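Analysis of the macromolecular model
The residues making up each chain are set out below.
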Amino acid sequence: MEKCLLAIIMGWVTANFSPVIQAPYYILIILLILSVLLINKAKITSSFTVGFIICAIFTNNYLSWQVKAQDIAKDVQVTAFVTAQMVKSNQNQTLTLQTISLNDQALSAKLRVNTYKLEEKLNVGDKIEATLRLKPINGLHNQYGFNYVKWLVSHKIQAIGYVKAITVIEHGLDWRENEYVKIKQSLHSFTSQALLYALLTGDKQAISQDQWLVLKNTGTVHLMVISGLHLSLIFAWTFTLSLLVIKAYSLLILNFKSANINAWALCVFKQGEIYLFSSLVALVATIFFAWFSGFAIPTVRALIMLSVFVVGYLFFKPVSWSLRFYLAMFCVLIYDPFAPLSVGFWLSFGAVAAIMFSLVITKRKLLHFKGWALYWRQFLGIQLALGVLLIPIQWWVLGQFSILSLIVNPLAIPWMSFTVIPLALLGLLLSFIEPTLSYMLYSSADYCFELLWGVLIYASSLSSAISVQFSPLFIGCAFLSIGLILLPINKYLKFFGGVIFSLLLIPIEDDRWWRIQLFDVGQGLAVLIERENHAVLYDTGAAYASGFNMIDAVVLPYIQAKGLTLDAVIISHSDNDHAGGLQKIKDEFPFTELVTPQNNRCIYPAQFIWLALDWQVLAPNQNSIDQHLTQRLSDNNSSCVMKVSQEGMSLLLTGDIERKAEFELATRFNDDTLTSTFALVPHHGSKTSTTDAFVNLVNADHWLLSRGLYNRFGHPHSDVVKRLSGYPVWDTAYNGQTTFTLFEEKIAIETQLGRLFNPWWLKN
């Protein structure tokens, strides 16, 4: 049974990442029936197929309603319930809606929409009527960094958009919201208020960017997510408390012996039922806390896992731990079919697997230890297993891991488990009974958290976070070879593992000439030119009031993953979509050279040598700068225009220049100066740019277009599309991040969305 269940899970996971998964329902049902009928003859294959098809059925249901292209610019009327909300500012919120109807037609769909200048704050549970503008789910598609589309699909969100008008027709039950307000008021004077509030309610919005950075650098982000650790602690503490109460009650009953009353006749519980009752009480308390914290997907996932293990231990003791593990994973997949798309899924089950592995090993090695000596060694074994065995998972799904986590987590986890979390939870419980005592417990939890936070800040300052600098294939081969070497298998397989590991250590001569990275930053621009572990960045993409910026989201993950040194940053002009991330660049790379028209370093005819390439400034000249300053003109035509070249290969960087600047360039350079191998489409394809004369003069082999899908400006304009119709155009909206690798005699082009084995949720 274990093998069949594991095969079903593997088929399910494979379906989540399969390039093709859609099929008519009747075909899927027929295949499912055939697989079940054949399961006795080919157990593993049929089980794998069953898992794959079940996931395909869920996927078909998810894709059954999508926003059509012709409806993108139209208003729609919806009636829906608010199932989640995130406050971005005083009047702006992001809402998750579960629809009841759309345009008076019954429809159950999940939407994520933004509100702007909304006077009334909406709460979870509110029933609303709204006018929306919707579009299909989309996001940025880059080699590294956060994948928004993947996150949307993992949360079953089918469309995104914004609210034009909204009316609350029925307020939901707001008991939880009222309690949240009370908790926030109780914590407002504490230094760790945002972190404690996140621990108690699951709401992490108030945690600052600096605090997240500390948690990320020390590998302790999991402490702020209500998941397996927190629910296990609630279960353990509630179980212990219930057990103590029952035993105290039993001792009290014994005092009645002198009254000739059968003591055990008054005791409700038999000896064997005490643990059962305590377990059920603890499970109910855990379910209540999961509900109170909003039943977020990671919380529910952890709750299902815990429930399966507890029920299995209480009622099905002969069932092996591995079968319980697979059953828990299967139940999670039934509840959340797209769970494998979530990082938390892999980290949660990876942590449980590491704990189980540690307990099996320590049980064999520590037979002669008893009591506290045994528990202490088991605890150390679990921490070591979690630290070491989760490294490949963190490396694979997060793109980095922290060496500090191996040292910090063995200190942070027990400190949180025995001080901060129990004090905070006890304070939450007493807040319903005695607010004064609750405040004292909150204060104690804050003090304990501050002691730990000081350690985390110091550890974070050591900056020991290590990022992946190898491809997933390299990482997979490395762990495979190490596994073959360490596992108790025959010497030939060990030798084979050693050969693989030795081959990985052989340095490969990099014969690439230089490389252009056109990042997908939506409606903005960021281009990285790299060579031999050094790079120059042209524009930074946008930054927003919420703190989100394209440097953190796109550019920095790539630079860190590749281990690049940033030699210079060029800012074409001051518009947010080009220069929004400049401050972040200054913070991260304070000694990197900055070139921009505003600091008079990008003015014709300046020249630079970076990466052993020639960088020639073609515009603006001093006259254009003076006109811009005196006449307060748009600085689009004062964009820093550069040509990067070496031995016949060249790239023209154009910023947001328009007709006027294009004409000046054509007048100034009537030779082949502007002719380039690659050229950026000016101003994202605006109708005010990319004139016929400019296109003919540049005569690029490849045009690079950076813009956002479904952008409100209508870029690229239809006239621009016609002018470029005879050229290859690489559009980030449809290609994602595009990499141009220039060899001595050829050019290799790779697009993020053009890969053969992209999963269905990217192809859709």
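For the structure, see preceding data.
Attention in this report is confined to the structure presented alongside it. Bear in mind that the values here come from a model prediction, so they are computed numbers and not experimental data. By convention here, each chain's residues receive numbers from 1 onward along its written sequence. Owing to the predicted nature of the model, reporting of local features is limited to residues with pLDDT of at least 70; listing and counting of side-chain atom pairs is limited to 80 or more, with chain, interface and lining totals taken over all residues. Here the side-chain values reflect all heavy atoms present in the structure, with hydrogen atoms and water set aside.

Another aspect to go through is the pattern of salt bridges. Salt bridges are identified by distance alone: a Lys or Arg side-chain nitrogen within 4 Å of an Asp or Glu carboxyl oxygen. By the definition in use, this model includes 11 salt bridges. A salt bridge links E588 to K584; the nearest nitrogen and oxygen atoms lie 3.4 Å apart. Of this pair, E588 and K584 both sit in helix α22 (residues 582-588), 4 residues apart, roughly one helical turn. Counting from the N terminus, the helices are the DSSP runs of H or I reaching at least four residues and the strands are the DSSP runs of E reaching at least two.

Below, the discussion takes up the nonpolar core. Within the largest apolar cluster, 52 residues are counted, with the highest numbers of intra-cluster contacts made by I183, L187, L200, M224, L231, M416 and F449. Among the elements of the structure, α5 (175-187), α6 (193-201), α7 (209-217), α8 (228-254), α10 (274-292), α11 (297-315), α16 (405-430) and α17 (435-461) are those that each provide at least two residues to this core. When residues of this core are assigned to their parent elements, the largest contribution, 9 residues, is made by α16. Beyond its immediate sequence surroundings of up to four residues, I183 is in contact with Y197, L200, T201, F292, L428 and Y442. The next biggest cluster of nonpolar side chains, apart from the first, holds 30 residues, and it includes L518, C602, F740 and L742. Put simply, buried Ala, Val, Leu, Ile, Met, Phe, Trp, Tyr and Cys residues joined by side-chain atoms within 4.5 Å make one nonpolar core. The buried label goes to any residue with under 20% of its type's maximum accessible area, the exposed label to any with over 50%, and the partly exposed label to all in between, with areas taken from a 1.4 Å probe on protein chains only. Whether two residues touch is decided by their heavy atoms; if any such pair falls within 4.5 Å, the residues are in contact.

With that settled, the discussion passes to the sheet that holds strand β22 (residues 747-751). Only strands joined by at least two bridges in the DSSP assignment are considered to pair. Strand order across the open sheet formed by 7 strands is β13-β12-β11-β10-β9-β21-β22, with mixed pairing between neighbours. What marks the edges here is a single partner per strand, and that holds for β13 (593-595) and β22. This sheet shows a mean twist of 20° between the axes of neighbouring strands, independent of strand direction. In this structure, strand β12 (residues 565-570) lies alongside β13, joined through 3 bridges in parallel fashion. Bridging from a neighbouring strand, A568 pairs with E593 of β13. Every axis corresponds to a line fitted to the C-alpha atoms, with the helix fit spanning only the stretch in contact, and the corresponding angles, defined between N-to-C directions, vary from 0 to 180 degrees. Sheet strands touched by helix α20 (residues 550-562): β9 (514-518), β10 (527-531), β11 (534-538) and β12. Its angle to β10, the strand with the most contacts, is close to 5°.

Our next topic: the packing of aromatic side chains. Side-chain rings of Phe, Tyr and Trp, where Trp is taken by its six-membered ring, are said to pair if the distance between their centres is within 6.5 Å; with planes under 30 degrees apart they count as stacked, over 60 as edge-to-face, and otherwise as tilted. Scanning the entire structure with this criterion turns up 27 aromatic pairs. Where F325 meets F349, the ring centres are 5.6 Å apart and the plane angle is 85°; that geometry is what we call edge-to-face. Highlighted residues: F325 in helix α12 (residues 321-335) and F349 in helix α13 (residues 343-365), separated in sequence by 24 residues. For the pair F325 and F349, one class covers both residues: buried. Ring-pair connections join several aromatic residues into one group, and the members of that group are F325, Y326, F345, W346 and F349. Charges are assigned to positions over rings by a cutoff of 6 Å between ring centre and Lys NZ or Arg CZ, combined with an angular limit of 35 degrees from the ring normal. Sitting above the plane of the Y604 ring, R668 keeps its charged end 5.0 Å from the centroid. A cation over a ring is seen here: K746 above F743, with NZ or CZ 5.3 Å from the ring centre.

Before going further, it helps to spend a moment on the packing of α5 against α10. The packing of two helices is summarised by the inter-axis angle and the distance between the axes. Two elements in contact, α5 and α10, have axes separated by 11 Å at closest approach and are oriented at 85°. Taken together, the axes of α5 and α10 lie roughly perpendicular to each other. Contact residues: W175, R176, E179, Y180 and I183 in α5; F288, W291 and F292 in α10. Orientation labels follow simple angle bins: below 35 degrees gives roughly parallel, above 145 gives roughly antiparallel, 65 to 115 gives roughly perpendicular, and whatever is left gives oblique.

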